[in-house]
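Listed here are the chains, written in short residue letters.
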Amino acid sequence: AVVSTQSTGGWTREDHILFKHITQQYPVDKFQRSTLCLEMLKLVMSDKTERELREHGEWTQLHEMFCEHRRSIKHMHRNALHKLVATAETDCRQQWVQLKEMREKANELLSQKEKTARIFEDLLRCRAEKLKKIKAEEKELAEYQERMNKERAELERRRAKQRKVEKEKIQVFREMKDEKEKEYQKRLEKMKEKEAARKKKTLAVGKKRVDYRHDLHEKKLEEQAAAEIQKQEEEERRKEQLDKLAATVAIDAPYDPARVLRDTEASTARMKESDYVGKFQLFRVVGYEDSAISGDMRVKVEKALRNAGLMNTDYGRHIMKNIAPPMEPRKDMVSTVFKNDNQTE
């Protein structure tokens with residue numbers, strides 16, 4: 001009785017229409033449709049509890065089943081009425097045939113007329129009843145159509161109103177978004193101006209430091225040129241002294257070719273000490289920690305030159321070349337292969 005008499009299940013028409021509109025957005029064969037509908041209904045109709053939403057969903061299903069059942073009953077009623085009329089017509093034809101046979105057999109014209117009149121009256125009565133029922137059905141169908149048109153018009157009016165409200169909200173949101181975008185652009189312009197001023201100041205300071213370093217580099221080149229000249233002079237003096245010393249210690253021995261094949265005193269001593277060769281390290285081998293590497297002045301200067309954009313210039317390479325390591329290199333790391341050639345040149 002509750003399902004047949006109530007059209008909204010105890011809810012307001014607006015809530016019921018909103019409920020149906022949300023549930024109809026998900027196809028019937030969609031995976032987890034009930035869960036998706038329930039989550040969306042919770043978001044949109046936050047004033048309703050989950051139990052109320054579930055109960056209204058069950059009522060909606062029962063109401064739809066009731067409407068479908070009512071339509072099927074009407075359809076069955078129309079089919080039964082058509083069958084009844086067809087049966088009546090068949091019966092009338094059979095009676096007419098029987099009367100005709102009786103007339104042919106009995107040849108009683110009066111009784112045939114009476115029976116024919118009676119049959120005609122029955123047909124008129126059946127026709128009147130049929131017309132009456134058809135008019136009643138047409139009236140009911142017209143009322144139903146009118147009611148559906150009113151409900152459809154009301155639904156369209158509410159949807160138009162809802163669309164108007166949503167458009168107004170969207171317009172307000174767009175205006176707020178445009179205002180925020182303008183504020184953001186203003187802040188961005190201010191930040192760009194501050195950054196440009198800072199870069200200009202940094203470039204001015206960097207130019208002064210580069211000029212200062214260039215002057216120092218020029219001064220150091222002059223000092224190196226003077227030191228190179230002095231070194232060449234000292235090397236020439238040293239070479240003269242070595243020549244004089246070599247003349248004083250020249251070999252003075254008789255001619256003996258067989259002496260080339262004999263062992264020398266040094267080779268004999270090395271052969272006696274061959275047991276000790278390879279048992280002791282000549283030099284202590286150690287590694288480097290990250291703190292020692294980061295504390296190296298060459299690493300710091302290289303980082304500063306790279307930040308200033310001078311690493312790949314002649315000035316930067318010259319500075320890196322003349323920076324001394326924090327410790328003297330090991331003797332086994334220094335090559336003497338080309339030392340004599342350099343002295344000769």
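The rules behind these values
- Residues numbered from 1 in each chain as written.
- Predicted model: local features only at pLDDT ≥ 70, side-chain atom pairs only at ≥ 80, totals over all residues.
- Heavy atoms only, no water.
- Helix = DSSP H or I, 4+ residues; strand = E, 2+ residues; numbered from the N terminus.
- Contact = heavy atoms within 4.5 Å.
- Areas by Shrake-Rupley, 256 points an atom, 1.4 Å probe, with all protein chains shown as cover.
- Core = buried A, V, L, I, M, F, W, Y, C linked by side-chain atoms within 4.5 Å.
- Buried < 20%, exposed > 50% of the residue type's maximum accessible area, 1.4 Å probe, protein only.
- Arc of directions from axis to C-beta.
- Axes fitted to C-alpha atoms, helices over the stretch in contact; angles between N-to-C directions.
- Parallel < 35°, antiparallel > 145°, perpendicular 65-115°, else oblique.
- Nonpolar A, V, L, I, M, F, W, Y, C, P; charged D, E, K, R; others polar.
- Patch = residues over 30% accessible without salt bridge, like charges linked within 9 Å, V, L, I, M, F, W, Y side chains within 5 Å.
- Salt bridge = Lys/Arg side-chain N within 4 Å of Asp/Glu carboxyl O.
- Lys, Arg positive; Asp, Glu negative; His and termini not counted.
- Charge placed at Lys NZ, Arg CZ, Asp CG, Glu CD.
- Phe/Tyr/Trp six-rings, centres within 6.5 Å; stacked < 30°, edge-to-face > 60°.
- Lys NZ or Arg CZ within 6 Å of the ring centre and 35° of its normal.

As a further point, take the overall build of the protein. The helix and strand inventory of the protein stands at 10 helices and zero strands. Taken from N to C terminus, the helices and strands of the protein fall in the order α-α-α-α-α-α-α-α-α-α. Taking the contacts inside the protein whose residues are at least 6 apart along the sequence as the reference set, 57% of them involve residues at least 24 apart. Summing over all exposed atoms, the protein offers an accessible surface of approximately 31,000 Å²; the carbon and sulfur share of this is 56%.

Formed by Trp11, Phe19, Ile22, Leu38, Leu41, Met45 and Leu53, the largest nonpolar core amounts to seven residues. Those elements giving two or more residues to this core turn out to be helix 2 (13-23) and helix 3 (33-44). Each residue touching Trp11, except ones within four places of it in the same chain, is listed here: His16, Phe19, Met45, Lys48, Glu52, Leu53 and His56. Formed by six residues, the second largest nonpolar core is a distinct cluster that contains Val301, Leu305, Leu310 and Ile323.

This part takes up helix 2. When helix 2 is considered as a whole, its buried residues turn out to be His16, Phe19, Ile22 and Thr23. Down the axis of helix 2, the sector holding all buried residues measures 130°, keeping them to one side. Where helix 2 is buried, its residues contact helix 3 and helix 4 (50-106).

Their axes nearest at 10 Å, the elements helix 8 (residues 297-308) and helix 9 (residues 314-321) cross at an angle of 170°. It follows from the interaxial angle that helix 8 and helix 9 lie roughly antiparallel. Every residue of helix 9 that contacts helix 8 at Arg298, Val301, Glu302 and Leu305 is listed here: Gly316, Ile319 and Met320. Class assignment for the residues of the contact of helix 8 with helix 9 results in four nonpolar, one polar and two charged.

All right, on to a negative patch on the surface then. Together, Glu175, Asp178, Glu179, Glu181 and Glu183 line one region of the surface with negative charge. Considering the arrangement of structural elements, one finds Asp178 in helix 5 (residues 109-248). The class for Asp178 is partly exposed, based on a relative accessible area of 46%.

The relation between two aromatic rings is expressed through the spacing of the ring centres and the mutual angle of the planes. The tally for this structure, following the rule as stated, stands at one aromatic pair. Judged by centre distance (5.7 Å) and plane angle (85°), the ring pair of Trp11 and Phe19 falls under edge-to-face. Grouping residues by exposure puts Trp11 and Phe19 together as buried. For the cation-ring pair, Lys48 lies above Trp11, with the distance from its terminal atom to the ring centre recorded as 4.5 Å.

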